[in-house]
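# Fold and contact review
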Amino acid sequence: MAPRTPDSEANIDQCCVNVIRTLSMDAVQKANSGHPGAPMGLAPAGYVLWTRVMKHNPRNPDWPDRDRFVLSGGHASMLLYSLLYLTGYDLSLDDIKQFRQWGSRTPGHPEYAHTPGVETTTGPLGQGFANAVGMAMAERHMAARFNQPDHPVVDHYTYVMCGDGDLMEGVAAEAASLAGHLGLGRLICIYDDNDISIEGSTDIAFTEDVAQRFSAYNWHVLTVSDGNDLAAIEEALQAARAETERPSMIVLRTQIAYGSPNKQGSADAHGAPLGVEEVCLAKDFLGCDKDQHFCVPADALAHCRQTAERGQAAEEQWRTLHAAYAKAHPELADQWVNAVTHFLPRDWEKDLVAFAPSDGAVATRAASGKALNALAERIPTLMGGSADLAPSNNTFLKGLPEFQKGSYHGRNIRFGVREHAMGAIMSGLFLHGGIRPYGGTFLVFADYVRPAIRVAALMGLPLIYVFTHDSVAVGEDGPTHQPVEHLASLRAIPNLTVLRPCDANETVDAWIQAIRSTNSPVVVALSRQNLPVLERSQTNGQLVRGGYVLSDCQGAPDILLIATGAEVHLALAAQTELAQKKIAARVINMPSWELFEKNSDTYKNEVLPPAVTARLAIEAGIEMGWQRYVGVAGKVIGINTFGASAPGATVLEKYGFTVANVVAQAEQLLNG
């Protein structure tokens, strides 16, 4: 085969770019659903990044020192699928043809752990951007912790593609601000500046100067005025890689649906197929065969597949480096392996911290802080912080440095008042590998984190959310800060485990359960107010069951009192008074619905005997959901309105969280 001339090189480059465009058009058209416009406009940038700049090995998508790529605008998924297929990942042309179909490996938006090479689940705009910030933070932390002179075993970049919609979302602003503050020089964003959103031109709602905005965030900003100029795109990417003190944004001027004679530059191309006739016209314009569908010329495929050869060579070179590193620094190498494999040290959960009734009442948020600090001494990958609430959440790791620019080895993250970004960054930290993240705020502000929690649950990431001030007992701050619907809201998220421990010791158990989780994020809901410490034998590590008999009565129970968190102590006091009235009450502590539901029906029926229909649930939150446990004959003492500003004890009393009211409600149930 004759060597390629410069003209032939340009031809093959343009052919590859157009293959990305035609694959995207054809897949969307066949599915009769999808977003062809962004992949067509971004095809040149994707091609340059994936075949010329990015360090990755399609034959091993999980190579630890690969560059990370995040498509924040997940609706442009056909761009990503086309690149994965063309460069040699385990994704076939038949998979491309099954775009958006049941059971396919090419769902409508990229899904982590579903398609090889997809680093994170994206679709909710802006969150992918924040995921990328988390990945870049993880890279800096791991490099600071493990790299040695002449042995840079952590040496990679994080690339993110985003669009106007991503940058309109507040989470992207939060994350960009933090990234600039931290000086994440290994983070590079390609901004698809095409002036189009679903409703039309961005002029209707988005007229800011994005370049100036990111410059103000302390980002390094570059501009490429022609999104089809491969050389200019590559030059900008290399300039971004050379900037070490600031994250970089490349403002890339593109045209949505480039090549479509009637849809180019139009919002009509954003979220709908171009139409059979328009696809043919676009293929004519691009110099492709309009009569062929999913056409991939052999020379274009061979050219793109050279990426796999280069990636394999890059990984082999890294493995040689890592072998030398392991020989020169065996202890560090072992720690690195433990970090990236999420290995837990032996006996990490043994004899952590214990509390006794004689210690007096302890807020579970305070117990959580002690448990977290004890765990951090044993688990060096545990890293996190709060959304500017560390003193209240008790999430600061005492004696350890902060993660800041120039101090990337630190494990205390100052997220600032950026709850949504915190949640999405936590996902990025874990997805990168080597870090077990946690993040804290007040339970009422779980609303700000919820979109990130939902996607983390979808991905099955074992993140830990520390949500304190978990009820109206917050008191004087009033209804804006008193959560009532939040526990129910979190319990509604599939694959999220919600834990609400009843005392200090059970809080330690909650942390153990959270650390043990491997495929589900965990919420630990904690009290602001002090709570009595029960005898250890009463709770005895039973939180893992989700629900258990905390205090039983003599003989068969007349009524079941079911409670969580602080309200468990109210149930225990009511049990004593009911016993004086010759009423046998069983107290059931149910710190986690999700864990309880994993038990066998036999166990659940032992705890909640079907024959006992008099059931009273007690929780300082909305009643929704408790009906599954109290049944049609039972009742719930809850709060179905917003709270009020007053001392916490007063608020609880006014809403019926008193021993007298629990006893009265129990008697009413029994008396019909």
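Within an unreviewed UniProt entry, the label attached to the protein reads Transketolase, and the organism entered is Desulfatitalea alkaliphila. Looking at the Sequence similarities (unreviewed entry) heading of the UniProt record, one finds this comment for the protein: "Belongs to the transketolase family." Taken verbatim from the UniProt record of the protein, the Catalytic activity (unreviewed entry) comment is "D-sedoheptulose 7-phosphate + D-glyceraldehyde 3-phosphate = aldehydo-D-ribose 5-phosphate + D-xylulose 5-phosphate".

## Here we look at the UniProt feature "site: Important for catalytic activity" (unreviewed entry) in the protein
Cross-referencing UniProt, the feature "site: Important for catalytic activity" (unreviewed entry) maps to His-35 and His-270 in the present numbering. A compact arrangement is adopted by the annotated residues: their sequence extent is 236 residues, whereas the largest C-alpha distance between any two is 5.4 Å. Here the residues from the annotation list that line the second largest pocket are His-270. Structurally, the position occupied by His-35 is in the loop between helix 1 (6-31) and helix 2 (37-53). Exposure remark for His-35: the relative accessible area of 15% places this residue in the buried category. Those residues in contact with His-35 that sit more than four places away from it in its chain are Val-28, His-75, Arg-100, His-270 and Gly-271. A distance of 3.4 Å separates a polar atom in the side chain of His-35 from a polar atom in the side chain of Arg-100.

## A few points about the packing of aromatic side chains
Within this structure, the stated rule accounts for 21 aromatic pairs. Summarising the aromatic geometry, the rings of Trp-318 and Trp-336 are spaced 5.8 Å apart at their centres and angled 50° between planes, so their arrangement reads as tilted. Pair noted here: Trp-318 is in helix 11 (residues 298-328) and Trp-336 is in helix 12 (residues 330-340), with a separation of 18 residues, a long-range link. With respect to class, Trp-318 is no different from Trp-336; both count as buried. On the basis of an interplanar angle of 65° and a centroid distance of 6.1 Å, the ring pair of Trp-626 and Tyr-629 is categorised as edge-to-face. Each member of the pair Trp-626 and Tyr-629 is classed as buried.

## Topic: the UniProt feature "binding site: Mg(2+)" (unreviewed entry) in the protein
The feature "binding site: Mg(2+)" (unreviewed entry), as annotated in UniProt, sits at Asp-164, Asn-194 and Ile-196 in this numbering. A maximum C-alpha distance of 7.7 Å is found for the annotated residues, which run over 33 residues; spatially they form one tight group. Lining of the second largest pocket among the annotated residues: Asp-164, Asn-194 and Ile-196. In this fold, Asp-164 is placed in helix 6 (residues 164-168). Taking relative accessible area as the criterion, Asp-164 reaches 3% and is therefore assigned buried. Ignoring sequence-local partners within four residues, the contact set of Asp-164 consists of Tyr-191, Asp-192, Asp-193, Asn-194, Asp-195, Ile-196, Thr-202 and Phe-206. Judged by its relative accessible area of 12%, Ile-196 falls in the buried class. In this view, Ile-196 contacts Asp-164, Ser-201, Thr-202, Ile-256, Gly-265, Ser-266 and Ala-267; residues no more than four positions away in its chain are not counted.

What counts as what
- Residues numbered from 1 in each chain as written.
- Predicted model: local features only at pLDDT ≥ 70, side-chain atom pairs only at ≥ 80, totals over all residues.
- Heavy atoms only, no water.
- UniProt positions renumbered as here; feature names shortened; annotations may be inferred.
- 1 Å grid on protein atoms, 1.4 Å probe; cavity = no way out; pocket = protein on both sides within 12 Å on 5 of 7 lines; lining within 4 Å.
- Helix = DSSP H or I, 4+ residues; strand = E, 2+ residues; numbered from the N terminus.
- Buried < 20%, exposed > 50% of the residue type's maximum accessible area, 1.4 Å probe, protein only.
- Contact = heavy atoms within 4.5 Å.
- Polar contact = N/O pair within 3.5 Å; in protein donor to acceptor, adjacent residues only side chain to side chain.
- Phe/Tyr/Trp six-rings, centres within 6.5 Å; stacked < 30°, edge-to-face > 60°.

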